[in-house]
Protein chains: 2
Amino acid sequence: MKDQMAPVMSASKSEILDAAAVVFMDLGVDVASIDDIARHLGSTKGRIYHHFASKGVLLSEVCLRAADFTYRKVALVIDPDAAPDKNLRNMILAHVPEVLRTLPYHKVIRQTYPGINQKSTTQVERDLHQRIHAERDRYEGLFRAELRRGMTDGIFRQQNETIALHGMLLLVNAPVIWYTPRADEPEGFALEIARQTADMAVRALS
Amino acid sequence: MKDQMAPVMSASKSEILDAAAVVFMDLGVDVASIDDIARHLGSTKGRIYHHFASKGVLLSEVCLRAADFTYRKVALVIDPDAAPDKNLRNMILAHVPEVLRTLPYHKVIRQTYPGINQKSTTQVERDLHQRIHAERDRYEGLFRAELRRGMTDGIFRQQNETIALHGMLLLVNAPVIWYTPRADEPEGFALEIARQTADMAVRALS
DNA sequence: GCAAGACATACTACTCAGTATGTTGTCAAT
DNA sequence: ATTGACAACATACTGAGTAGTATGTCTTGC
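From a predicted model like this one, the values you see are computed outputs, not experimental measurements.

Attention shifts here to the overall build of chain A. From N to C terminus, chain A includes 10 helices and zero strands. Against the 2.2 N^0.38 benchmark of 17 Å for 206 residues, chain A shows a C-alpha radius of gyration of 18 Å, consistent with a compact globule. On the principal axes, the C-alpha backbone points of chain A span a range of 55 × 45 × 30 Å. Taken over 206 residues, chain A has a buried fraction of 50%. The contacts in chain A between residues at least 6 apart in sequence include a share of 72% that link residues at least 24 apart. Split by element, the accessible area of chain A, about 9,600 Å² in all, is 52% carbon and sulfur.

Below you can see the structure in the form of structure tokens.
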């Protein structure tokens, strides 16, 4: 992934992506304008267009960055020798806190999951959409693999894989919908969300 | 609900709502234009504006109709004397086929669940947004009530209600994301989706 | 014959993505 | 010390798309 992008992302580009994620989260990816994002940054859209060829490219880069956040965390905790339910639980315990930590990005992912809607696209954008799709398949593949192993081992019940996988993934990503960080939030609430979500996911499959 | 709306919706208005749901599903609620919907109908936007004061009103009416579809089906199957897990299962068995039958509407619901994004709104639109929110709370309340009864009765495990409820609801609505009707789809697939989803949901809570 | 509803057509004003041009600061070469 | 190139912005501009409105036409019902 890193070898496919510029070796080091500039601080300005990173700042723009963060601002874009927040504004896309607040206004919606289609309603938010480049000017809205520039205002959030306290700059003008000339700055944004210097780093990103189009709004569609900017949105795609936000999505790719979001995918990278969770992939990096989850891939690290998978142990091929561990039982599928244990792996799955650990994956979710890694996934959920990272999602909560980078919530704007994942709210953008949620909006664009069915696809990025544009009435016309450039080849660059189409290529980026394919990369996003590939990243998503790769990430979902981590969960699918554990689900399959679990069904083969008898740890998870035998059932339709598509229904089971997507049901479980939507459950796991539910906090993207309802969670909003609060100043008065109890200590360890993020961990409680992760634990309970992992617990529910494993039970749903068992 | 019905007493709050015109007693009988005209056939033309109903046709417009159906077309709007499909076009909103395909293009996204913000990318789709009133002209897009008119084209889908084989008419012009004059027709649409005759029945709906604005695009925002049209979108809101699509959402309200969607909410009505599932509420009507699910409210009918709730038995106050039944065990919470049985009720929940029956609710999901009623909910899922209706969602699949009216899929465009629910894809629109999914897009607008965090809120309908408009840079400016009329009072009529704000009032409609409040109705939508109230309808959603009322519907979710049906599920919340069974979850609470189940946790009180010990049928469902004691856990954070918000995490449990939203996780379960997202799992139940997962088919909105991945399901697409296919001509070669096996007989009874919709029922299989409903059964497996109900099963997973009850297990997730137990 | 007239009123009203249900459309179609023509028009307006605004927003927006993207582009062209200008400015400034930094850095390297001389 | 100077100069030129270039990156990183800001500003001004353009063209297209869009929501919504005004007006016209046709049909229907009384």
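The local shell around DNA strand D holds 15 residues, among which Ser12, His50, His51 and Lys119 of chain A together with Lys55 of chain B are the closest. Within 4 Å of the protein, the atoms of DNA strand D are drawn from sugar and phosphate moieties in a proportion of 67%. In this structure, a phosphate oxygen belonging to DNA strand D sits 3.0 Å away from a main-chain N or O atom of Ile34 of chain B. In the environment of DNA strand D, a phosphate oxygen lies 3.3 Å from a nitrogen or oxygen atom belonging to the side chain of Tyr49 of chain B.

Moving on, we come to the relation of the copies chain A and chain B. Each copy superposes on the other: chain A lies on chain B with an RMSD of 0.0 Å after a rotation of 180 degrees and an axial shift of 0.0 Å. Taken together, the rotation and translation describe the operation of a two-fold axis. Counting the interface residues of chain A, we find that 100% of their copies in chain B are interface residues as well, pointing to one common contact surface.

It is worth spelling out the pattern of salt bridges at this point. Opposite charge on two side chains permits them to pair, given that their charged atoms come into close proximity. Taken as a whole, this structure holds 28 salt bridges over all chains when the rule is applied. Its salt-bridge partner being Asp35 of chain A, residue Lys45 of chain A comes within 3.6 Å of it at the nearest N-O pair. Here the residue Lys45 of chain A occupies a position in helix H3 (residues 45-51), and Asp35 of chain A occupies one in helix H2 (residues 34-41), the gap between them amounting to 10 residues. In this structure Lys45 of chain A comes out as partly exposed when scored by relative accessible area, which is 38%. Judged by relative accessible area, which is 35%, Asp35 of chain A ranks as partly exposed. Through salt bridges with shared partners, a single ionic network connects Asp36 and Arg39 of chain A together with Lys119 of chain B.

Bringing the UniProt feature "DNA-binding region" (unreviewed entry) in chain A into the picture now. Look at the UniProt record and you will see "DNA-binding region" (unreviewed entry) annotated at residues 33-52 of chain A. Summarising residues 33-52 of chain A: 75% helix, 0% strand, and an end-to-end C-alpha distance of 14 Å.

With that out of the way, let us pick up the packing of aromatic side chains. For any pair of aromatic rings, the description rests on two quantities: the centre-to-centre distance and the angle between the ring planes. Residues and elements named next belong to chain A. Per the stated rule, a full pass over the model turns up 12 aromatic pairs over all chains. With centroids separated by 5.1 Å and ring planes inclined at 85 degrees, the aromatic side chains of Phe69 and Tyr105 adopt a geometry described as edge-to-face. Taken as a pair, Phe69 in helix H4 (residues 55-75) and Tyr105 in helix H6 (residues 103-112) lie far apart in primary sequence, 36 residues in all. If you follow Arg136 out to its NZ or CZ, it ends over the ring of Tyr113, 3.9 Å from the centre.

Bringing the nonpolar core into the picture now. Counting residues in each nonpolar core, the largest one holds 77 residues, and the members touching the most others are Phe143 and Met168 of chain A together with Phe143 and Met168 of chain B. With residues near it in sequence (within four places) discarded, Phe143 of chain B still touches Val74, Leu88, Met91, Ile92, Leu165, Met168 and Leu169 of chain B.

All names here are of chain A. At a closest axis distance of 9 Å, the pairing of helix H8 (residues 161-172) and helix H10 (residues 189-205) adopts a crossing angle of 165 degrees. Of the possible angle classes, the one that applies to H8 and H10 is roughly antiparallel. Between H8 and H10 lies a crossing of right-handed hand. Contacts between H8 and H10 involve Ala164, Met168, Leu171 and Val172 from the former and Thr197, Met200, Ala201 and Leu205 from the latter. A breakdown of the residues in the contact of H8 with H10 according to their chemical character gives seven nonpolar, one polar and no charged.

Where interface size is given, it is often the accessible area lost as the parts come together that is meant. Facing 38 residues of chain A, the contacting portion of chain B comprises 38 residues. When chain A packs against chain B, the two sides together hide about 3,300 Å² of surface, and 64% of this comes from carbon and sulfur. At the junction of chain A with chain B, the criterion picks out two salt bridges. Here Asp36 of chain A and Lys119 of chain B are joined by a salt bridge, their closest N and O atoms 2.6 Å apart. For the side of chain A that touches chain B, the elements supplying multiple residues, two or more each, are helix H1 (11-27), H8, helix H9 (174-178) and H10 of chain A. Per-element accounting of the side of chain A that touches chain B gives the leading share, 10 residues, to H10 of chain A. Considering only residue class, the side of chain A that touches chain B consists of 18 nonpolar, 11 polar and nine charged.

What counts, and at which threshold
Residues numbered from 1 in each chain as written. Chains lettered and ligands numbered in written order. Predicted model: local features only at pLDDT ≥ 70, side-chain atom pairs only at ≥ 80, totals over all residues. Heavy atoms only, no water. Helix = DSSP H or I, 4+ residues; strand = E, 2+ residues; numbered from the N terminus. Rg over C-alpha atoms; globule rule 2.2 N^0.38 Å. Buried < 20%, exposed > 50% of the residue type's maximum accessible area, 1.4 Å probe, protein only. Contact = heavy atoms within 4.5 Å. Areas by Shrake-Rupley, 256 points an atom, 1.4 Å probe, with all protein chains shown as cover. Near = heavy atom within 4 Å. Polar contact = N/O pair within 3.5 Å; in protein donor to acceptor, adjacent residues only side chain to side chain. Least-squares fit on C-alpha atoms with pLDDT ≥ 70 in both. Salt bridge = Lys/Arg side-chain N within 4 Å of Asp/Glu carboxyl O. UniProt positions renumbered as here; feature names shortened; annotations may be inferred. Phe/Tyr/Trp six-rings, centres within 6.5 Å; stacked < 30°, edge-to-face > 60°. Lys NZ or Arg CZ within 6 Å of the ring centre and 35° of its normal. Core = buried A, V, L, I, M, F, W, Y, C linked by side-chain atoms within 4.5 Å. Axes fitted to C-alpha atoms, helices over the stretch in contact; angles between N-to-C directions. Parallel < 35°, antiparallel > 145°, perpendicular 65-115°, else oblique. Left-handed = near helix turned anticlockwise from the far one by under 90°. Nonpolar A, V, L, I, M, F, W, Y, C, P; charged D, E, K, R; others polar. Buried area = accessible area lost by both parts, 1.4 Å probe.

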